[in-house]
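Notes for the structure review
Residue strings, one per chain:
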Amino acid sequence: MVDRASPPDWIVEQPVLTALALLGVALGLLVVLPYLQYVLFGIVLAYILLPLQRRLEEYLRPMIAASVTILVAIIVILLPLVYILSVALRQTSQLVTAVRNGNVDLETIERTLAERGYSVNLTGLYGSYQDAITSGVEGLATGLLDIVGGLPGIAIGVTITLFVCFALLRDREQLIEWLYCVVPIDDAIQRELFAELDQLMQASVISNVLVAVIQAVLIGVGLAVLGIPAVVLLTVVAFVLTLLPLVGSFGVWLPVSIYLVALNRPIAAVGLTLYGLLVMVSDTYLRPALIGRTSAFNSTIAVVGIFGGLITFGAVGLFIGPVVLGGVKVVLDIFARERADGAAGAGAVTNTESDSDPEEDP
């Protein structure tokens, strides 16, 4: 008979070493947790830059290639991202100030809508919900101050991100071999896990983000052509909304189209609506073509993973959240399969032993 309840031999033979290994993992997690989102961002950035690293390694040593790759990432990705976010932050601050000071001309919008047969008391609504609006504006302003005040911590985090990315690019092969040695899982199962996680990363980090960037840029160009204010802020919002498969960029262009109608620009509103619909139609072709590679990555996992990832990991959770949920599903699928195979194998051994036992005489 096979005793399936007995622990592995290595736990029984080396209990103190096993306890020390588990304690070391726990202490390591305590050290990493304060900057976990930056470590995860470093992993994501290394995954994005890996094709460039491999191409450079054909001509340079791994360390030099990794240094060049990090420099390219700073110039091409991080600096433009910091600039875009700073502009969006400034436009958000201006919007908050305008709302707080009552500089939004609601009466003109009401009069324009009334001329078109839509009677809306925006001034009355604003007066009724002024306290709630003020509280929301103050909360947003406080959040902006927290971001500005946390710049030293962000600088430390970005440094950690770059070092993690550099180490992964330079020593990735040694890291994979180390994982094969220390993780108590069969090599075949580890290879399967790495392959599934690679598909999830491809879907979440590369394909999904690429779709969101393309559509957000298209929406931003359309808004800029129409002379809409706060284009950078609206483009960033469109990028975030486009990451959600069930939401999309209409959360930006539809309110702006209504705003154009209120400003007596119906032709511009119709043009933006048609343009926005065209951008959304492109999503129907782009997203399945780029993301439809793995069954673990579906709309439910994407939506829950994005919102849960934002709360748990911060901004990098937009990309890591769906990968974590998809990875959990993959691990559980493999676990269920291995358990079923193990139970079938144990049943076969039991039946063989039973058949080989001699029958007792009555």
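Please read these numbers as outputs of a predicted model, since none were measured by experiment.

**Comments concerning the UniProt feature "transmembrane region" (unreviewed entry) in the chain**
- UniProt's feature table lists "transmembrane region" (unreviewed entry) at residues 20–50, 62–85, 147–169, 205–226, 232–254, 266–286 and 306–332, given in the numbering used throughout.
- End-to-end, the C-alpha atoms of residues 20–50 are 34 Å apart, and along that stretch the chain is 90% helix and 0% strand.
- Counted over residues 205–226, helix gives 95% and strand 0%. Its end C-alpha atoms are 31 Å apart.

**Describing the packing of helix H10 (residues 231–242) against helix H11 (residues 250–262)**
- Here H10 crosses H11 at 135°, and the two axes come no closer than 8 Å. One element, H10, and the other, H11, form an angle in the oblique class. Contact with H10, carried on its side by Leu234, Val237, Ala238 and Leu241, involves Gly251, Val252 and Val256 of H11 and no other residues of that element.
- A class-by-class count of the residues in the contact of H10 with H11 yields 6 nonpolar, 1 polar and no charged.

**Quick word on the pattern of salt bridges**
- This model, assessed by the stated rule, comprises 6 salt bridges.
- Measuring nitrogen to oxygen at the nearest pair gives 2.8 Å for the salt bridge that ties glutamate 192 to arginine 337. Of the two residues, glutamate 192 is situated in helix H9 (residues 187–225) and arginine 337 in helix H14 (residues 317–356); the sequence distance between them amounts to 145 residues.
- Since its relative accessible area comes to 26%, glutamate 192 is described here as partly exposed.

**Digging into the nonpolar core**
- Ranked by internal contacts, the top residues of the largest apolar core, which has 38 residues, are Leu223, Val252 and Val256.
- Contacts of leucine 223, omitting those with residues within four sequence positions, involve Ile228, Val231, Leu234, Val252, Val256 and Leu272.
- In this structure, Leu50, Ala73, Leu162 and Cys165 belong to the second largest nonpolar core, which totals 12 residues.

**Points about the confidence of the model for the chain**
- In this model, the chain carries a mean pLDDT of 75, and residues with pLDDT of at least 70 account for 69%.
- Residue range residues 1–5 is modelled with pLDDT below 50. Its contacts to residues more than four positions away, or to other chains, number 5 contacts.

**Digging into helix H3 (residues 36–56)**
- The terminal C-alpha atoms of H3, which comprises 21 residues, lie 29 Å apart, in line with the 30 Å expected from a rise of 1.5 Å per residue.
- Taking the largest bend as the criterion, H3 deviates by roughly 50°, centred on leucine 49, and proline proline 51 comes between one and four positions later.

**Some thoughts on the packing of H3 against H9**
- H9 packs onto H3 with a crossing angle of 95° between their chain directions and a minimal axis gap of 11 Å. Taken together, H3 and H9 sit at an angle that is classed as roughly perpendicular. Residue-level inspection shows Val44, Tyr47 and Ile48 of H3 in contact with H9, the latter providing Asp198, Met201, Gln202, Val205 and Ile206.

About the criteria used
Residues numbered from 1 in each chain as written. Predicted model: local features only at pLDDT ≥ 70, side-chain atom pairs only at ≥ 80, totals over all residues. Heavy atoms only, no water. UniProt positions renumbered as here; feature names shortened; annotations may be inferred. Helix = DSSP H or I, 4+ residues; strand = E, 2+ residues; numbered from the N terminus. Axes fitted to C-alpha atoms, helices over the stretch in contact; angles between N-to-C directions. Parallel < 35°, antiparallel > 145°, perpendicular 65-115°, else oblique. Contact = heavy atoms within 4.5 Å. Nonpolar A, V, L, I, M, F, W, Y, C, P; charged D, E, K, R; others polar. Salt bridge = Lys/Arg side-chain N within 4 Å of Asp/Glu carboxyl O. Buried < 20%, exposed > 50% of the residue type's maximum accessible area, 1.4 Å probe, protein only. Core = buried A, V, L, I, M, F, W, Y, C linked by side-chain atoms within 4.5 Å. pLDDT = per-residue confidence, 0-100. Expected span 1.5 Å × (residues − 1). Bend = angle between axes of the 7 residues up to and from the residue.

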